[in-house]
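Understanding the architecture of this molecule
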Amino acid sequence: MKTLFLALALISVSLVSCAQDITLPAAQRSGGMPLMEALNNRKSTRQFDENKQLTHQQLADLLWSACGYNREDKLTIPTALNRQEITVYAIMPDGVYRYDARNNALVLITDQDLRHLAGAQEFAQKALLNIAIVSDKSKMEHDIYAGVAAGAVMQNIYLWCASNGIGTVARGNFDGEALAKALNLDENQRVLLVQTVGY
Ligand SMILES: Cc1cc2nc3c(=O)[nH]c(=O)nc-3n(C[C@H](O)[C@H](O)[C@H](O)COP(=O)(O)O)c2cc1C
C-alpha cells in the first residue's frame with residue numbers, strides 16, 4: 001500500500017510539470033545548402049504543422065545560426081561595438097526558454113504555454129515554436145543599432161530555415177508589453193520581433 005501511494009505521488013508530481021532547462025547538443029557548424037541556394041529559397045510561410053516538432057539537434061543548429069558564438073567572444077551576427085545586445089527566447093508548448101548561447105542551453109523561464117502571446121495571427125498561437133528576438137538598452141542605447149542586430153538574427157533564422165526546408169515568418173504583430181511581462185523582461189529589454197518557425 002505504501003509503495004502504491006509513493007508511486008502515485010511520484011506520477012502526480014511528474015504530471016504537474018516536466019519542463020526543465022535543456023542542454024542542447026553541439027550545433028553542427030558545417031554542411032547545409034550552398035548560400036546562393038538558401039538565398040534563392042528564403043521566403044515567409046504562414047502555415048505550420050501543429051504536431052511535428054523540431055528535434056533538439058535542429059533547435060541547437062537554428063539557435064546557434066540565429067545568434068550563437070562562432071568565435072571566442074563573437075557571434076554569428078554583427079553587433080555595433082560587439083555589444084551583443086540581443087537575446088532570443090524560444091516560446092514552445094511546454095514553456096518559454098532563454099537561449100544561453102555561451103552554455104549552449106535553453107534556460108527555463110516559465111513552464112506555462114504562452115503561445116497565445118506570440119502574436120495576433122492564429123497560426124502563431126498554434127505553432128510549436130516562436131522565437132522572440134529581444135534587445136537590451138543597457139547594452140546598446142541606440143535603438144536603430146539594436147534593430148539592425150535583430151534584423152541580422154531574423155535573416156539568419158530565415159536562411160537556416162531555407163537551408164533546411166523549414167518554414168518561418170518574422171512578425172511585428174504581437175503585444176510587446178504583454179509578452180515582455182510574461183517573459184519577465186526588465187525595463188531595458190524589449191521584444192523587437194517574434195519569428196514563427198516550423199514544418
Ligand atoms: C520587421 C518585419 C515585420 C513583419 N511582420 C509581419 C507580421 O506581423 N505578420 C506577417 O505575417 N508577416 C510579417 N512580416 C513578413 C513580411 O510580410 C514578408 O517578409 C513580406 O511580405 C515579404 O515576403 P517574403 O518574406 O516571403 O519575401 C514581417 C517582416 C518584417 C521584416
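These lines cover the structure that appears in this document, whether it is placed above or below.

The rules behind the values
- Residues numbered from 1 in each chain as written.
- Predicted model: local features only at pLDDT ≥ 70, side-chain atom pairs only at ≥ 80, totals over all residues.
- Core = buried A, V, L, I, M, F, W, Y, C linked by C-beta atoms within 7 Å.
- Buried ≥ 20, exposed ≤ 12 C-beta atoms within 10 Å, placed from the backbone.
- Helix = DSSP H or I, 4+ residues; strand = E, 2+ residues; numbered from the N terminus.
- Contact = placed C-beta atoms within 7 Å.
- Near = placed C-beta within 6 Å.
- Nonpolar A, V, L, I, M, F, W, Y, C, P; charged D, E, K, R; others polar.
- Pairing = 2+ DSSP bridges.
- Axes fitted to C-alpha atoms, helices over the stretch in contact; angles between N-to-C directions.

**Focus on the nonpolar core**
Side chains of nonpolar character tend, in soluble globular proteins, to be buried together. Counting 51 residues, the largest nonpolar core has Val88, Ala90, Ile131, Ala132, Ile133, Val153 and Ile157 as the members making the most contacts within it. For this core, the elements supplying multiple residues, two or more each, are helix 3 (56-67), strand 4 (86-92), strand 5 (95-100), strand 7 (130-136), helix 5 (143-164) and strand 9 (189-198). Here the element with the most residues in this core is helix 5; it accounts for 10 residues. In this structure Val153 touches Ala66, Cys67, Ile77, Ile86, Val88 and Ile133, once residues within four positions along its chain are discounted.

**Here's the deal with the site of the ligand**
The full set of residues close to the ligand is Lys43, Ser44, Arg46, Gln121, Val169, Ala170, Arg171, Gly172, Asn173 and Leu193. Each residue belonging to the shell around the ligand can be placed in one class, and the counts come to three nonpolar, four polar and three charged.

**A look at the sheet that holds strand 7**
Read across the open sheet, the seven strands follow the order 1-6-5-4-7-9-8; overall the sheet is antiparallel. For this open sheet the edge positions go to strand 1 (22-23) and strand 8 (167-171), each flanked by a neighbour on one side alone. Where helix 3 meets the sheet, it contacts strand 1, strand 4, strand 5, strand 7 and strand 9, and its direction lies at approximately 155 degrees from that of strand 4. Sitting on the sheet, helix 5 touches strand 4, strand 7, strand 8 and strand 9, and the angle it makes with strand 9 is about 10 degrees.

Functional significance is not addressed by these values, which are geometric in nature.
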